[in-house]
Amino acid sequence: SPDSDLEKVEEISKLVAKESEYFNKIEEPSFWVMELQKDTTKCWLAAWANSPSDAWELRNDLRTNLLKRLQKEGFQFHRFNIQN
């Protein structure tokens, strides 16, 4: 949600990356705001892995654990209501 604390989202995002066993720890994770919309903010988190297979696992860790952590912290997400 655009009302979310962006600094907190960045902090949590980078922490989730650093906690992954697939993160190679050579370079700090990067976080960017990629797009602003009326109802959404699209962000990008980048972190390095040692191999393509580790990168695949890292992406899974980031998505799964970031969602869990943001939900636990009470962040609100945009919901689509599609009716036929």
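Because the structure is a prediction, the values reported are computed rather than measured. All residue numbers refer to position in the chain's written sequence, counted from 1. For a predicted model such as this one, the threshold for reporting local features is a pLDDT of at least 70, and the threshold for listing and counting side-chain atom pairs is 80 or more; totals across whole chains, interfaces and linings nevertheless cover every residue. For the side-chain quantities, the full set of heavy atoms in the structure was used; hydrogens and water were omitted.

The convention used is that axes are lines fitted to C-alpha atoms, helices contributing only their stretch in contact, and that angles between N-to-C directions extend from 0 to 180 degrees. Here a strand is any run of E in DSSP of at least two residues, a helix any run of H or I of at least four, and the numbering for each starts at the N terminus. The geometry of helix α1 (residues 6-19) relative to helix α2 (residues 52-72) is characterised by a closest axis approach of 9 Å and an angle of 135° between their N-to-C directions. In this view, α1 runs oblique relative to α2, as classed from their interaxial angle. Considering only the axes of α1 and α2, their crossing is right-handed. Two secondary-structure elements touch here, α1 through I12, S13, L15, V16, A17 and E19 and α2 through D61, L62, N65, L66, R69 and L70. Considering only residue class, the contact of α1 with α2 consists of seven nonpolar, two polar and three charged. Should an angle fall under 35 degrees it is called roughly parallel, over 145 degrees roughly antiparallel, and 65 to 115 degrees roughly perpendicular, with every other angle called oblique. Left-handed describes a crossing whose near helix is turned anticlockwise from the far helix by less than a right angle; the clockwise case is right-handed. Contact definition: two residues touch when any of their heavy atoms are within 4.5 Å. For this classification, Asp, Glu, Lys and Arg are treated as charged, while Ala, Val, Leu, Ile, Met, Phe, Trp, Tyr, Cys and Pro are nonpolar and the rest, including Gly, are polar.

This part is about the pattern of salt bridges. Take a side-chain nitrogen of Lys or Arg and a carboxyl oxygen of Asp or Glu: if they are within 4 Å of each other, that pair is a salt bridge. Applying the stated criterion across every chain yields a total of five salt bridges. Linking K14 and E10 is a salt bridge whose minimum nitrogen-to-oxygen distance equals 2.9 Å. Placement of the pair is K14 and E10 together in helix α1, with a separation of four residues, close to one helical turn. Type-normalised accessible area, obtained with a 1.4 Å probe on protein chains alone, sets the label of each residue: buried when under 20%, exposed when over 50%, and partly exposed for intermediate values. For E10, a relative accessible area of 26% gives the class partly exposed. K18 serves as the salt-bridge partner of E28, at 2.8 Å between the closest nitrogen and oxygen. One end of the pair, E28, is in the loop between α1 and β1 (30-36); the other, K18, is in helix α1, and ten residues separate them in sequence.

Attention now moves to the side chain of S13. By the secondary structure assignment, S13 is in helix α1. For S13, the contacting residues outside a window of four places in its chain are F31, L45 and L66.

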